[in-house]
Amino acid sequence: MNSTCTTESSLALAGVAPFSSCDWPGRLVATVFVAGCPWRCGYCHNPGLQARSAGQLAWPEVRSMLAARVGFLDGVVFSGGEPTLAPQLADWIQDARQLGLAIGLHTAGIYPHRLAVLKGLVDWIGLDIKAAPGGVDAVTGVPGSESRMWQALDVALDMVADGGATLECRTTLDPRVMTADSLHRLAATLQVRGVTHAALQQGRDAKGQPLFDATQWPGQAVLDDWQRRFCQFSWRHA
């Protein structure tokens, strides 16, 4: 078999956004979307990337695009889908670092052991914290999600302490599976665990429409609570 042929399994990348100012706060980056995610959150903003078959690109194509933009970009963010699903992720990151690019990662913490392998390779982590304790599985639709997510938070905090990474914990709000009270509990939980950077994001449906009126919910008391508990807090809504 010709070793230069592209196999279906190598097409793990679903696409690239060549320039983004929102995927890594304060940085201009390219965003690489990895195909596949086993969770089924009701507000997923990339449902077309849930299947592994959504992959259409091989890494050499993406690397060439990134190399052509060195000097214009601050870094590259690996997103998805769930990027830690790809066993090649560490190799891609090392390759991108050799180009001189800083590395950002969006992850839901589905594979905490794979996240741990990236210690020292990632500069910024955007970790999706799905819900307060006891509510995670209802968001993801997959039993057993909760333990994985909290393990991943511990791994990410270790990457901050010993690996030099910066961590932002982001929670997408969905009033169908969470309450204002649960958001107060979540803020307290994250603070106790040592999180210092947090964000709340307005959830949207499959058509991109907001799931709730941000002027009415989750309410100023929740937003004030989160603002008070974290060194840096962002409320992202349209």
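In what follows, the accompanying structure is described. (Residues numbered from 1 in each chain as written. Predicted model: local features only at pLDDT ≥ 70, side-chain atom pairs only at ≥ 80, totals over all residues. Heavy atoms only, no water.)

### A look at the overall build of the protein chain
Condition: Each helix is a run of H or I in the DSSP string that is no shorter than four residues. Each strand is a run of E no shorter than two, and both are numbered from the N terminus. We call a residue buried when its accessible area falls under 20% of the maximum for its residue type, exposed when it is over 50%, and partly exposed in between, using a 1.4 Å probe and counting protein chains only. Using a 1.4 Å probe, the Shrake-Rupley method yields the accessible areas, and only the shown protein chains count as cover for residues. In summary, the charge assignment counts Lys and Arg as positive and Asp and Glu as negative, without counting His or the chain termini. Lysine's charge is taken at NZ, arginine's at CZ, aspartate's at CG and glutamate's at CD.
Counting its secondary structure elements, the protein chain contains 7 helices and 8 strands. Considering only C-alpha atoms, the protein chain reaches an extent of 60 × 35 × 30 Å along its principal axes. Counting every position in the protein chain, which comprises 238 residues, the buried fraction comes to 50%. Of the roughly 10900 Å² that the protein chain leaves accessible, carbon and sulfur atoms contribute 52%. The protein chain carries 19 positive and 21 negative side-chain charges, and their two centres are separated by 1 Å.

### Things to note about helix 2 (residues 89-98)
We apply this condition: Any two residues having at least one pair of non-hydrogen atoms within 4.5 Å are treated as being in contact.
Here helix 2 has its buried residues at Leu89, Ala90, Trp92, Ile93, Asp95 and Ala96. Packed against the buried residues of helix 2 are strand 1 (13-20), strand 2 (29-34), helix 1 (59-68), strand 3 (75-80) and strand 4 (102-107). Looking one or two residues past helix 2, Gly100 carries a phi angle of roughly 90 degrees, positive in sign.

### Digging into the nonpolar core
Defined as follows: For our purposes a nonpolar core is just a set of buried Ala, Val, Leu, Ile, Met, Phe, Trp, Tyr and Cys residues, chained together by side-chain atoms within 4.5 Å.
Counting 69 residues, the largest nonpolar core has Leu66, Phe78, Trp92, Leu118, Leu153, Leu190 and Trp226 as its most contacted members. Of the residues forming this core, the biggest block, 8 residues, is contributed by helix 5 (residues 145-163). Among all residues touching Phe78, those that are not within four sequence positions of it are Val32, Trp59, Pro83, Leu89, Trp92, Ile93, Ile103, Gly104, Leu105 and His106. Among the nonpolar cores identified, the runner-up in size contains 5 residues, and Trp24, Val29, Ala102 and Trp124 belong to it.

### Remarks on the sheet that holds strand 1
Counted only if it meets this: Here the rule is simple: two strands pair whenever DSSP picks up at least two bridges between them. Here an axis means a line fitted to C-alpha atoms, over the contact stretch when the element is a helix, while the angle between two N-to-C directions is reported on a 0 to 180 degree scale.
Spatial strand order, 1-2-3-4-5-6-7-8: 8 strands in an open sheet with mixed pairing. The sheet is open, and its two borders are formed by strand 1 and strand 8 (232-236), each paired with just one other strand. Across this sheet, the average inter-strand angle for adjacent strands is 15 degrees, counted without regard to direction. In the sheet, strand 1 pairs with strand 2 via 5 bridges, with the strands oriented antiparallel. Residue pairing in the sheet places Ala17 in a bridge with Thr31 of strand 2. Relative to the sheet, helix 7 (residues 220-229) contacts strand 6 (166-173), strand 7 (197-202) and strand 8, its axis offset from that of strand 7 by approximately 155 degrees.

### Examining the environment of Leu173
By the secondary structure assignment, Leu173 is in strand 6. With residues up to four places along the chain from it excluded, the contact list for Leu173 reads Met178, Leu183, Leu200, Gln201, Gln202, Gly203, Leu211, Phe212, Trp217, Pro218 and Trp235.

### Some points on the pairing of strand 5 (residues 124-128)
As a general feature of sheets, a regular strand has side chains that alternate between the two faces. Note the cut-off: Note on handedness: a crossover is taken as right-handed if, strands pointing away from the viewer, the path from the first strand over the helix to the second is clockwise.
Among the 5 residues in strand 5, 5 count as buried, and that is most of the element. Burial along strand 5 is two-sided: the face carrying Trp124, Gly126 and Asp128 and the face carrying Ile125 and Leu127 are both buried. As paired elements, strand 4 and strand 5 share 4 bridges and run parallel to each other. Residue pairing in the sheet places His106 in a bridge with Gly126 of strand 5. After leaving strand 4, the chain enters helix 3 (residues 112-117) and then returns to the sheet as strand 5, a path that is right-handed. The pairing of strand 5 with strand 6 spans 5 bridges and is classified as parallel. Bridging across to strand 6, Ile125 finds its partner in Leu167.

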